[in-house]
Amino acid sequence: MYGLEATMPQYGMKSFTKALACLARYGDELSIVASPADLSLSVTNSSKSAYARIKFYSGFFDKYSVTLQDSHLVATKTDPAAAEAGGGAATATAAATADESAVAVRGEILVKSVLSILRHRNIQETVNKCDLLILEGSPDAEEDSPESVFILRLHCKHGVVKTHKLSLNEPDSVLAPRLPSSSPASQSKVVVGPRTVKDLLEHFSGLGKMDAQLNWEFGNVSVKVKSRESGTGVKDSRIDTEISVDADEFDVYSIPAPPISIAFHLREFNATIALAESLSLPLNILFTRSGEPLSVEIQADEEDALFIIATSQSPFTTSSDDGGKRKRANNKNNLDANNTDTDSNSDARRNKKPARVVHVQRLETHNMTTTTKAKTRGSVQAETSPLVLIRPEDPSSPDHRPLVPRPTSFSGPNAQYQQEQPLFLEPSQPAPMPRSTLPPPLSQLSAADAAVIRDTGLGIEDMDCDEFAALMEDEGEEVIAPHRSTLLRTLMRRAILRKREIWTSLKHNCPQTLSHMV
Amino acid sequence: MRFRAKIDHVLTFSRIVQTVEKLAKQCVIRWSPDSLQIICPGGENEGGVQVWSGRGPLQKSLFSDYKIESGSNNEINMEVATEPLYQALRSAQSSPDVIIKLAKKDDHAVLNFDVQAVSQQGKTIQVTHDVRINVIRLSEVEKLQEPQCPEPDVHIILPPLAKLRTVTDHMRPLSTLLGVSANRAGGFSLKIQTEEVAVETVWSGCDVPKITYDDEEGVQADPEEWHHAIVSVKSFLQFLSSYVVSTTTIACICQDHCLIMYVYIGEVEDHGGVLTFYIPARNP
């Protein structure tokens, strides 16, 4: 039996539930990654403009053990010293193993379904401890079910044991956010208590309902916060509010190049503040400049939360998003020689706000044999799309850093940011547009198929689905027709379907952000 | 057109607006040198509740440094969305120093609130709100007519509204209509009656204002006689949301026609002002 076995004490359940409640305000789909060192829960919002990840270290649990499928590696935590030893061993082995699925148990589940169990009103009084179990499905072993299961076992008073079984989805994509790109020198850092921010934002209370954006201007000695009209200008803002507060209100206020003005949506930020408030811990906010994502960290003893929120630049750039993106798709791929579009607004594009902090990387299912998978992926990616941002722990990039479990000592987020947060990479290209790879990317195709696509000369192998869709709309099918193959057709259909999906979900969820997306 | 004032009693003003916000999205505010009137003309809400604050010297008790100038008799009439107005006032609630003034922003008239809030560390937080308004002409305001109603059958001083609210809240799930009755001997009752259930709560010994009733027959009617009006529970609850601001409330019942509620803001002797609620009666 492979998977996770963890036991949470009663006092831990409260913060676990609060963490889930916070994640639930970011999005629906919770991805769980249980590595020997920690249990990491993460959520990306539907428009991929915000990402939240909360890690619980093994010390958070009374008992924590991860049994891994491939290497039969077992890391069990019984007492702190042993945990460290176990963690160390795991790291060594992890570095040796090329496949990341060997160092973690992972799965996806709806946040709500877990939360509805833990939020039950009597739970704080009646439950003594709670077991979290993940049983990984294995397709080949006959005695196990092929599906992974997430089990929540509540040990209540009077010997009552409640067991909830939830089926765990195979994660088909890994969402990894972009990190603010510049060096620590140009990075601004603000540390502030949750109460202070809350007091500030209370003056905007009426805006909370409609997920307003706030514009923050960090100056030399003061911070200005302004409600801002939505970029589309549709919704009548019947009240405009502006607040100016002394920078002394912030515990740490380090802005290397003031003033810096950034804008971002309140909805997710409020969720973060609520979590910080429940933990009574300050928010460590890092940002560089507008358009670059902002990150918020909250660090507790055995728990560590990271939030990445997209910021936008100015309300005026949003309207040109559409055209800019299409042109970019055309130029980038040199698809049509007759296309005389000059890239007149390439500079404008560069300033465009990133709608997403997260790009999608498809994972393969476990059904394949792991060794060949790793090889194929690595080689194809390396040849064809060296620019694609890859998760550092993704085995598709041969020169990536191995997954590094968190060192036990911790000295400031800046110093060890790279090592601390191996989930995130510095973008290796200057264009601020986040990318999502075409589903399925080349990595999932056989080398032969990939070669076919490359041979078409379309340059679509490293195109993301939005670009692809934009390209489809712009050019019509005729352009591509001469090179069309069945394979390509499927790819296109998928790309277009996906785009529609995004549109519909956006229309339903947050009409304001429509302009961020193409 | 100029208007500028310092709000002395932010809490009171924001509670008035809070009450109004519960029953209408828009309200009309008439500022003049010696009075302030808030009007919710009804119509937009289902119950048809109207609010006409008395044109009393409300502005004296709420504001100081009150300066107003305009081309039409130094009066300014404006239409304001209640929710943002309440939001601005709520944000200003805890601050000692709030200036309100008429301003122009992007070619649109706004009520500008200048608030000096104090942070936990004792620092000043500068907050400004611009609430969009529409300045409306006097002729349009004059089209708004106070509802006509006959001479009330009974006047009574209500028990504290918060208590009435608790009772009514319990009745609401059972019925959509609520019978309100009172007599001239200090009796007041709230009653619901459906096919399944009848609930009545009676208060006795309420104060009765000294009013000489002008009965048609010229004969003093029986003080024990009850007078009724049936109103929608929802409308009644909307009125009861004024409990936040009320001190004394006088209810008048025009039998089977309407309820008129005079909600006194602050003590009656202070002349703080009156919010008058008009709740039309429903047919059973």
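Residues numbered from 1 in each chain as written. Chains lettered and ligands numbered in written order. Predicted model: local features only at pLDDT ≥ 70, side-chain atom pairs only at ≥ 80, totals over all residues. Heavy atoms only, no water.

Participant: Which parts of the structure should I look at to understand the interface of chain B and chain A?
Facilitator: Note: interface size is frequently given as the accessible area lost on complex formation between the parts. Between chain B and chain A, the residue contacts involve 22 residues of the former and 22 residues of the latter. Taken together, both faces of the contact between chain B and chain A bury some 1900 Å²; the carbon and sulfur share is 43%. A salt bridge links Asp240(A) to Lys105(B); the shortest N-O distance between them is 3.2 Å. In this assembly, chain B and chain A are joined by seven residue pairs in polar contact (both at pLDDT 80 or more). Of all the secondary structure elements, the ones that give two or more residues to the side of chain B that touches chain A are helix 3 (82–92) and strand 9 (124–135) of chain B. When residues of the side of chain B that touches chain A are assigned to their parent elements, the largest contribution, nine residues, is made by strand 9 of chain B. Two strands pair when backbone bridges link them, and strand 15 (residues 239–246) of chain A and strand 9 of chain B are joined in this way by seven bridges, in the antiparallel orientation. Across the sheet, the residue bridging to Ser244(A) is Gln126(B), located in strand 9 of chain B. (Contact = heavy atoms within 4.5 Å. Buried area = accessible area lost by both parts, 1.4 Å probe. Salt bridge = Lys/Arg side-chain N within 4 Å of Asp/Glu carboxyl O. Polar contact = N/O pair within 3.5 Å; in protein donor to acceptor, adjacent residues only side chain to side chain. Helix = DSSP H or I, 4+ residues; strand = E, 2+ residues; numbered from the N terminus. Pairing = 2+ DSSP bridges.)

Participant: Sorry if this is basic, but what is going on with helix 3 of chain B here?
Facilitator: Every α-helix winds through 3.6 residues per turn, so residues three or four apart in the chain are directed the same way. Counting buried positions along helix 3 of chain B gives nine out of 11 residues, so the element sits mostly inside the fold. Regarding helix 3 of chain B, the residues found buried are Thr82(B), Pro84(B), Leu85(B), Tyr86(B), Gln87(B), Ala88(B), Leu89(B), Ser91(B) and Ala92(B). (Buried < 20%, exposed > 50% of the residue type's maximum accessible area, 1.4 Å probe, protein only.)

Participant: Would you mind going over the sheet that holds strand 13 (residues 198–203) of chain B with me for this structure?
Facilitator: Across a sheet, paired strands are connected by hydrogen bonds in the backbone, their directions being either parallel or antiparallel. All names here are of chain B. Pairing is antiparallel in the open sheet, where four strands are placed in the order 13-12-11-14. If you trace the sheet from one side to the other, it starts and ends with strand 13 and strand 14 (227–232), each paired once. Pairs of neighbouring strands in the sheet enclose a mean axial angle of 20°, with direction left out of account. Here strand 12 (residues 188–193) pairs with strand 13 via six bridges, running antiparallel. Among the inter-strand pairings, Leu 190 is bridged to a residue of strand 13, identified as Thr 201. Where helix 5 (residues 161–171) meets the sheet, its contacts fall on strand 11 (177–182), strand 12 and strand 13, and the angle it forms with strand 12 comes to roughly 10°. On the sheet, helix 6 (residues 233–240) packs against strand 11, strand 12 and strand 14 and is oriented at approximately 95° with respect to strand 14. (Axes fitted to C-alpha atoms, helices over the stretch in contact; angles between N-to-C directions.)

What is shown is where atoms sit, not what they do.
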